[in-house]
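Summary of the model geometry
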Amino acid sequence: DDGGVAVLLVSDVSKALDTALLLSELPSMQLFAHRSIHQTSLTLQKKGHGLPTLKRWNPKGRGPRVVLWPLSANTAIDLSEQPAASSTILVSGRASDPESLAASGADEGIAWSHHADHPELAQYIEGTGASQVYLTHSVDQGAALAKRLPGLRIEAIGPPEQLSLF
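Below or above, wherever it landed, is the structure these notes cover. Owing to the predicted nature of the structure, the values given are computational and were not obtained by experimental measurement. Residue numbers run consecutively from 1 along every chain, following the written order of its sequence. Local features are withheld for residues below a pLDDT of 70 in this predicted model, meaning they are given only at 70 or higher, and side-chain atom pairs are given and counted only at 80 or more; totals for whole chains, interfaces and linings count all residues. Side-chain numbers here rest on the full set of heavy atoms in the structure, without hydrogens or water.

**Things to note about the side chain of S92**
Applied cut-off: Helix numbering and strand numbering both begin at the N terminus, where a helix is a DSSP run of H or I of at least 4 residues and a strand a DSSP run of E of at least 2. What makes two residues a contact is simply this: any of their non-hydrogen atoms within 4.5 Å.
As for its position among the elements, S92 is in strand β5 (residues 87-92). Other than its neighbours up to four places away in sequence, S92 contacts K15, I110, A111 and W112.

Next comes the structure, spelled out in structure tokens:
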């Protein structure tokens, strides 16, 4: 029975590996990956990290398969010769945004952000004892953190800005 291919578009390699860990717990799950994800997995396995075995994607395979594919890959995965039951799913915090979902070309979306929410982030920062924090994302996040952690110096940075090294 060739149930098709489920392509999971992931925003980065770490999300791909987290997804692979979750899916590896399902019985008889065939996990495949884009070469960059496959290579990272092999490298981490050699260093002793307990990751599931990911096979490098081969479109000629048969049977139901899950393929982890980076959203940023220069080449889209071609499902034209795969069974009609094949689909593409965006796994990202952006999956809840209809425009982002449409732009990705995915059929479905799973909203899964790898960013901490405000309470988690505030708790983490407080636990480190940091007195100054540099944010690489939303300025709004900085305002929310300032309310939760008075006295913390917060600076939002992003392209084209860079931390001064000297």
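**Observations regarding the nonpolar core**
Soluble, globular proteins show a tendency: their nonpolar side chains are buried together. For the record, the criterion: For the purposes of this section, nonpolar cores are sets of buried Ala, Val, Leu, Ile, Met, Phe, Trp, Tyr and Cys residues that join through side-chain atoms within 4.5 Å. Each residue's exposure class comes from its accessible area (1.4 Å probe, protein chains only) as a fraction of the maximum for that residue type: buried when under 20%, exposed when over 50%, partly exposed otherwise.
Ranked by size, the top nonpolar core spans 15 residues in total, and within it L8, V10, L31, I37, L54 and L68 carry the most contacts. Mapped onto this core, the elements with two or more residues apiece are β1 (5-10), α1 (13-23), β2 (31-33), β4 (65-70) and β5. With 4 residues, the top contributor of residues to this core is α1. In this structure L68 touches L8, V10, A16, T19, A20, F32, A33, H34, I37 and L54, once residues within four positions along its chain are discounted. Of all hydrophobic cores here, the second largest spans 12 residues; its members include L9, V67, W69 and A95.

**Thoughts on the sheet that holds β5**
Heads up, the rule is: In this analysis, strands are considered paired if DSSP registers two or more bridges between them. Interaxial angles span 0 to 180 degrees and are taken between N-to-C directions of axes, which are lines fitted to C-alpha atoms, for helices over the stretch in contact.
On the basis of which strands lie adjacent, the open sheet formed by 6 strands has the order β3-β2-β4-β1-β5-β6 and parallel pairing. Edge positions in the open sheet fall to β3 (55-56) and β6 (108-111), since each of these has one partner strand only. Where β2 and β3 come together, 2 bridges link them in parallel fashion. Residue pairing across strands places F32 opposite K55, the latter belonging to β3. Packed on one face of the sheet, α1 meets β1, β2, β4 and β5 and runs near 140 degrees to β1.

**Points about the side chain of H34**
Along the chain, the position of H34 falls in the loop between β2 and α2 (35-46). Setting aside anything within four residues of it in sequence, one finds H34 in contact with L68, W69, P70 and A73.

**Examining the packing of α1 against α2**
Short version of the rule: Roughly parallel means an angle under 35 degrees; roughly antiparallel means over 145; roughly perpendicular covers 65 to 115; every other angle is labelled oblique. Polar here means any residue outside two lists: the nonpolar Ala, Val, Leu, Ile, Met, Phe, Trp, Tyr, Cys and Pro, and the charged Asp, Glu, Lys and Arg; Gly therefore counts as polar.
Axis separation between α1 and α2 bottoms out at 10 Å; the angle between their running directions is 70 degrees. Between α1 and α2, the interaxial angle falls into the category roughly perpendicular. For the pair formed by α1 and α2, the contact residues are V13, A16 and L17 on the first element and I37, T40, S41 and L44 on the second. Split by residue class, the contact of α1 with α2 holds 5 nonpolar, 2 polar and no charged.

**Re the packing of aromatic side chains**
The test is simple: Think of it this way: a Phe, Tyr or Trp ring, Trp meaning its six-membered ring, pairs with another when their centres are within 6.5 Å, and the plane angle makes it stacked under 30 degrees, edge-to-face over 60, tilted otherwise.
For the coordinates displayed, the defined rule picks out 1 aromatic pair. Consider the rings of F32 and W57, whose centres lie 6.2 Å apart with planes at 85 degrees: the pair is edge-to-face. Residue F32 is located in strand β2, and its partner W57 is located in the loop between β3 and β4; the two are separated by 25 residues in the primary sequence. Residue classification places W57 among the buried positions, given a relative accessible area of 14%.

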